[in-house]
Amino acid sequence: MHFHQLIGRCFVGALFLILSAWSPANTSSGELFGSATKSAIDVEPLEYFHKTHPAMGTEFSIDIYAHNQSEADRAINLAFDEVDRLEDLLSNYRPSSELSRISREASNEPVTTDPETFRFLQRAFYWSARSEGAFDITVGPLLRAWGFFFQGGRIPSGSELVSLRSKVGWQKVILDSQARTVSFSHHQSMELDPGSIGKGFAIDQVVTMLHGLGVTSAFLSAGGSTLYAIGAPPGTTGWPVNIPDPIHPGRIASRILLKDSSLSTGACTEKFFIKDGHRYCHIFDPKSLRPVEGVLQTSVIDPSATDSDALSTVVFVLDPTLSRRVIESTPGRKALVFRRPQTHQSCLNMNWPGDPCGQA
Amino acid sequence: MIDRRHFLQGLSATAIAADSLIGLGADADTPGLTQAEAEVAKQILPSKDSSPLHIGIIGPGSRGKELVRNFLRVPGIKIVAASDVYAPRFQELNDLCGYPVAALSDFRELCDRKDLDAIVVATPLGLHADHVLAALASGHAVYGEKTMAYTVDQARQIVSAVEAGKRLYQVGHQYRYSPWIRAAIARVQAGEIGTVTHIEGYWHRNNDWRRPVPDPSLERLINWRLYHQWSLGLLAELGSHHIDIANWVFGSTPITALASGSICRYHDGRETDDNVQAVLGYSDGRRFIFNSVTDNAKMGDQLWLYGNKGSLNLTLEDATFFYEPHQIERAKPSAHGEEKGVTTSASYRSSGEMPYRGPGRPVNVTTAEDPTTAATRAFIYCVRTSSRPIADVHVGLGSALAVVQSNQARLQKREIEVPPPSM
Ligand SMILES: NC(=O)c1ccc[n+]([C@@H]2O[C@H](COP(=O)([O-])OP(=O)(O)OC[C@H]3O[C@@H](n4cnc5c(N)ncnc54)[C@H](O)[C@@H]3O)[C@@H](O)[C@H]2O)c1
């Protein structure tokens, strides 16, 4: 574990890593933290700690202010244990996970599951309903058909896609909250893929746990795509997060001070394949059974990391009007969407603070 | 192939007991192994019965809550009451269950309840016997966490209480229910790696083995693993699972124990060693060797079974076979009736020293579910059908005997005897 005395520069440096595709030279944020050292007047001054941990196919990290190394160690170790526990619960790569057991057995008969897993599935299917099916954790067979798992990308035939319709679709998953069971209608074999909401769910559980330990200032990241800020660094008003501008690489579109809230980003910059000069994205439109076209990046702020994680996909898939409806219906929820310039209005601001689209 | 004596030795006592329970009898020619596997398969099958069943828990701490989470995956289960001496557990349990669970400060009150079908005991080791014996005495079926008891005497009392009272008891050795471990050991029992003479296991951590303590007065309650009063240290907490598997594979309990340990890394007031080593002696000179450290978790949990024809590697996730080079065989004349010339080469093969390089042959199972999920479901099956658990009281006794006596050997710094299971 690295640790730094509370010096603004060091910790800003660490945060620069959060969203990757830009260079620190573009901002000068050191002055934001000028007052931080002065306000740390506890008996034992707060020190800054940072640790990373591989999980859920990505790297989790925690930045935390604690009174000493052992306090930080405890909190961070418990937090990462919790992430590992949730990966054991929800991974679709591990046959021993509860989610895999459900995927395996729910076509035979209703599978009783524990309240936590059930709550996770309820929230995932809540977002399917709210987004008219744009968000759907049953799209696994599509990703497979398009070669996202092993083949490095392929374009399936129309008839192949149509044949997958029976294996995909959130409405085929039946949740019975009285019995706490999950079943797939018509004994259909299906797959549940936590990828678009599981990291957010894990972050929320860790946040609850850290609150329980009395942590007042910490920053959690699941691979940079789902972030949560507990409180703020001492003497500041929030944890700084920069949203890169995907249309003008190297530029920062928006700078947020995040506090007791989460921010999730969806983008096609990491999982995609290019064929005949065309970029195919790993985020699918369940209606067309095809990768979403024309969207570069979405960011969503919401008090719940589970929700912001799911919503970053919802606004990726849904058209702008429907997206706006979902986002603007709830106070505290904000979204910033970048689309490929030629197709639509390229920057869409939904309650986002400042004027992120102004310079775009 | 192995002869019948060895074959039966290789069976766990429970597997044989299970045979008679399901009425298949002791037909000398029936392959008992298959029967045992059939019984396990039956117990861990997805449950179709969702009739309501009420469970109480003593000690819903970290393991207790994990057990509850797993019990709630079985249709019809409701957690209705809990007993703990640390009040925050009750709220944690309510949050986990999603409904209020009756909170009792005294475990005797829980045992006295008439609305329970089973009691789960997940308290610190030193308290197991008190809680398990009370739960059995009140007529309840019990799922008791490992290690079964803190002393040999207590372990025997639990066996007597189960047998005299015809009670149902399952011990928390959930790897007995792990699909890949069962499949792999069944193949070992059938002779796939020859005669197993040595088993080597290590289970490591890379942390101080402490839990956060909200108030210094709670240190011994929360970090009970570090103090003699309730804990037998790493031998019990991690070693007991491996010892159970060694007992299972060897088909018996050990007869001698030799052990050592020290506090090497964490000089923080703890009493139990932060690293331990044990050598358990079984009949015919067979050995199980265990090691556990807490400041390096490389390949954290590994179990190796060594037979004269090959080896089996067992982990928390998978099982892999490796095979010894074939023994010398009588050469057959070539098909053409004439020998071809041999081409010389200067290459050196290191395979004599490095026979295990390479991926090995993994054991494939279709239902690689979490062993605790399977074990808890099997327990409920036994409660509903009055069947005998796979991980029954004798399984519990076998590993408890070895753990307790290894710890004695560690304290006395000499080899000591492990008493036989039945006296
Ligand atoms: N099978 C496994 O793989 C496995 C894994 C972990 C732990 N365990 C076993 O589970 C047991 C508990 O371990 P843990 O890690 O959950 O410990 P823990 O300290 O988290 O939980 C023990 C609980 O018992 C409570 N308790 C203590 N005294 C009590 C009393 N007199 N009456 C009622 N409750 C009391 C404690 O307050 C605590 O809530 C141990 O025996 C351990 O070996 C088994």
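Residues numbered from 1 in each chain as written. Chains lettered and ligands numbered in written order. Predicted model: local features only at pLDDT ≥ 70, side-chain atom pairs only at ≥ 80, totals over all residues. Heavy atoms only, no water.

Topic: the nonpolar core
Residue and element names in this part refer to chain B.
Item 1. Of all hydrophobic cores here, the largest spans 114 residues; its most connected members are Ile79, Met148, Ile158, Phe288, Leu305 and Leu314.
Item 2. At ten residues, helix α11 (residues 233-250) tops the list of elements feeding residues into this core.
Item 3. Each of domain 1 (4-176 + 369-392) and domain 2 (177-330 + 352-367 + 402-417) gives at least three residues to this core.
Item 4. Every residue in contact with Ile158, bar those within four places of it in the chain, is listed here: Ala129, Val132, Leu133, Leu136, Met148, Ala149, Tyr169 and Val393. (Core = buried A, V, L, I, M, F, W, Y, C linked by side-chain atoms within 4.5 Å. Buried < 20%, exposed > 50% of the residue type's maximum accessible area, 1.4 Å probe, protein only. Helix = DSSP H or I, 4+ residues; strand = E, 2+ residues; numbered from the N terminus. Domains from an automatic or database assignment. Contact = heavy atoms within 4.5 Å.)

Some points on the pattern of salt bridges
Residue and element names in this part refer to chain B.
Item 1. Taken as a whole and judged by the stated rule, the model has 37 salt bridges over all chains.
Item 2. Measuring nitrogen to oxygen at the nearest pair gives 3.5 Å for the salt bridge that ties Glu237 to Arg225. Placement of the pair is Glu237 in helix α11 and Arg225 in the loop between α10 (219-222) and α11, with a sequence separation of twelve residues. Across this residue pair, the class does not change: Glu237 and Arg225 are buried. (Salt bridge = Lys/Arg side-chain N within 4 Å of Asp/Glu carboxyl O.)

Some remarks on the domain arrangement of chain A
Residue and element names in this part refer to chain A.
Item 1. Along its sequence, chain A is organised into domain 1 (5-87 + 197-297) and domain 2 (98-196).
Item 2. Across the boundary between the two partners, domain 1 contributes 20 residues, which contact 27 residues of domain 2.
Item 3. Taken over both partners, the interface formed by domain 1 and domain 2 buries close to 2,000 Å², and the fraction arising from carbon and sulfur atoms is 68%.
Item 4. At the junction of domain 1 and domain 2, the tally comes to eight residue pairs in polar contact (both at pLDDT 80 or more).
Item 5. Broken down by secondary-structure element, the contributors of at least two residues to the side of domain 1 that touches domain 2 are α3 (69-90), α8 (198-212), β12 (272-275), β13 (278-281) and β15 (290-291).
Item 6. Here the element with the most residues in the side of domain 1 that touches domain 2 is α8; it accounts for four residues.
Item 7. Considering only residue class, the side of domain 1 that touches domain 2 consists of eleven nonpolar, three polar and six charged. (Buried area = accessible area lost by both parts, 1.4 Å probe. Polar contact = N/O pair within 3.5 Å; in protein donor to acceptor, adjacent residues only side chain to side chain. Nonpolar A, V, L, I, M, F, W, Y, C, P; charged D, E, K, R; others polar.)

Some details on helix α9 (residues 179-189) of chain B
All names here are of chain B.
Item 1. Most of α9 is tucked away: nine of the eleven residues are buried.
Item 2. Along α9, the positions that sit buried rather than exposed are Pro179, Trp180, Ile181, Arg182, Ala184, Ile185, Ala186, Val188 and Gln189.
Item 3. Residue Gly191 follows α9 closely and has a positive phi angle near 100°.

Comments concerning the packing of helix α5 (residues 115-130) of chain A against α8(A)
Residues and elements named next belong to chain A.
Item 1. Between α5 and α8, the shortest axis-to-axis distance is 11 Å and the interhelical angle comes to 130°. The angle between α5 and α8 falls in the class oblique. The handedness of the crossing between α5 and α8 comes out as right-handed. Each of Glu116, Arg119 and Phe120 in α5 lies in contact with α8, whose residues at this interface are Gly198, Phe201 and Gln205. (Axes fitted to C-alpha atoms, helices over the stretch in contact; angles between N-to-C directions. Parallel < 35°, antiparallel > 145°, perpendicular 65-115°, else oblique. Left-handed = near helix turned anticlockwise from the far one by under 90°.)

Some details on the confidence of the model for chain B
Item 1. When pLDDT is averaged along chain B, the result is 88, and 84% of the positions lie at 70 or above.
Item 2. Scored by ipTM, the complex comes to 0.82, with pTM at 0.86. (pLDDT = per-residue confidence, 0-100.)

A closer look at the environment of Ile62(A)
Item 1. In this structure, Ile62(A) sits in strand β3 (residues 58-66).
Item 2. With twelve residues separating them along the chain, Ile62(A) and His50(A) place their C-alpha atoms 5.7 Å apart.

Some remarks on the domain arrangement of chain B
Residues and elements named next belong to chain B.
Item 1. Per the domain assignment, the segments of chain B are domain 1 (4-176 + 369-392) and domain 2 (177-330 + 352-367 + 402-417).
Item 2. Residue-level contacts link 37 residues of domain 1 with 36 residues of domain 2.
Item 3. The contact between domain 1 and domain 2 buries some 3,100 Å² in all, and 59% of this surface belongs to carbon and sulfur atoms.
Item 4. The largest contributions to the domain 1 side of the interface with domain 2 come from Tyr150, Tyr175 and Arg176, which together make up 25% of the buried area.
Item 5. At the junction of domain 1 and domain 2, the tally comes to three salt bridges.
Item 6. One salt bridge connects Glu237 with Lys146, and the closest N-O pair in it is separated by 3.5 Å.
Item 7. Counting across the interface, domain 1 meets domain 2 through 15 residue pairs in polar contact (both at pLDDT 80 or more).
Item 8. Put simply, the parts of the chain that give the side of domain 1 that touches domain 2 at least two residues each are α1 (4-9), α3 (32-44) and α12 (371-385).
Item 9. With five residues, the single largest contributor to the side of domain 1 that touches domain 2 is α3.

Examining the interface of chain A and chain B
Item 1. With 19 residues of chain A at the interface, the matching set in chain B holds 20 residues.
Item 2. In terms of surface lost to chain B, no three residues of chain A exceed Arg74(A), Glu109(A) and Thr112(A), which account for 27% of the buried area on that side.
Item 3. The tally of links between chain A and chain B comes to five salt bridges.
Item 4. Ionic pairing is found between Lys48(B) and Glu109(A), a salt bridge with its closest N-O pair at 2.6 Å.
Item 5. Taken together, the elements giving at least two residues each to the side of chain A that touches chain B come down to α3, α4 (98-105) and α5 of chain A.
Item 6. For the side of chain A that touches chain B, the residue count by class is five nonpolar, four polar and ten charged.

Concerning the sheet that holds strand β4 (residues 118-121) of chain B
Within a sheet, neighbouring strands are paired by backbone hydrogen bonds and run either parallel or antiparallel to one another.
All names here are of chain B.
Item 1. The sheet built from six strands is open, its strands ordered β3-β2-β1-β4-β5-β6 with parallel pairing. Of all strands in the sheet, those with a lone pairing partner are β3 (102-104) and β6 (169-171), marking the two edges. Along the sheet, successive strands turn relative to each other by an average axial angle of 20°, direction set aside.
Item 2. Taken together, the three bridges between strand β2 (residues 77-83) and β3 define a ladder with parallel strand orientation. Paired with Ala81 across the strands is Ala102, a residue of β3. (Pairing = 2+ DSSP bridges.)

A look at the packing of aromatic side chains
When we look at a pair of aromatic rings, we describe it by the centre distance and by the angle of the planes.
Item 1. In this structure the tally under the stated criterion is 19 aromatic pairs over all chains.
Item 2. Seen from their ring centres, Phe148(A) and Phe284(A) are 5.9 Å apart, and the 80° between their planes marks the pair as edge-to-face. Highlighted residues: Phe148(A) in the loop between α6 (140-145) and α7 (158-164) and Phe284(A) in strand β14 (residues 284-285), separated in sequence by 136 residues.
Item 3. On the basis of relative accessibility, which here comes to 18%, the residue Phe148(A) falls in the buried class.
Item 4. The exposure class assigned to Phe284(A) is buried, which follows from its relative accessible area of 4%.
Item 5. It is Arg123(A) that lies over the ring of Tyr126(A); its NZ or CZ is 4.2 Å from the centre.
Item 6. The ring of Trp209(B) has Arg225(B) sitting right over it, with the charged end atom 5.9 Å from the ring centre. (Phe/Tyr/Trp six-rings, centres within 6.5 Å; stacked < 30°, edge-to-face > 60°. Lys NZ or Arg CZ within 6 Å of the ring centre and 35° of its normal.)

A word on the site of the ligand
All names here are of chain B.
Item 1. In the vicinity of the ligand lie 27 residues, with Arg63, Asp84, Arg89, Gln174 and Glu237 positioned nearest.
Item 2. A distance of 2.8 Å separates an oxygen atom of the ligand from a polar side-chain atom of Gln174.
Item 3. Measuring from an oxygen atom of the ligand, one finds a side-chain N or O atom of Arg211 at 2.9 Å.
Item 4. Within the complex, 92% of the 850 Å² of free accessible area of the ligand lies under protein.
Item 5. Counting only elements with at least two residues in the shell around the ligand, the list comes to α4 (62-71), α7 (128-137) and α11.
Item 6. Here the shell around the ligand is composed, by residue class, of nine nonpolar, ten polar and eight charged.
Item 7. When residues of the shell around the ligand are sorted by domain, at least three fall in each of domain 1 (4-176 + 369-392) and domain 2 (177-330 + 352-367 + 402-417). (Near = heavy atom within 4 Å. Areas by Shrake-Rupley, 256 points an atom, 1.4 Å probe, with all protein chains shown as cover.)

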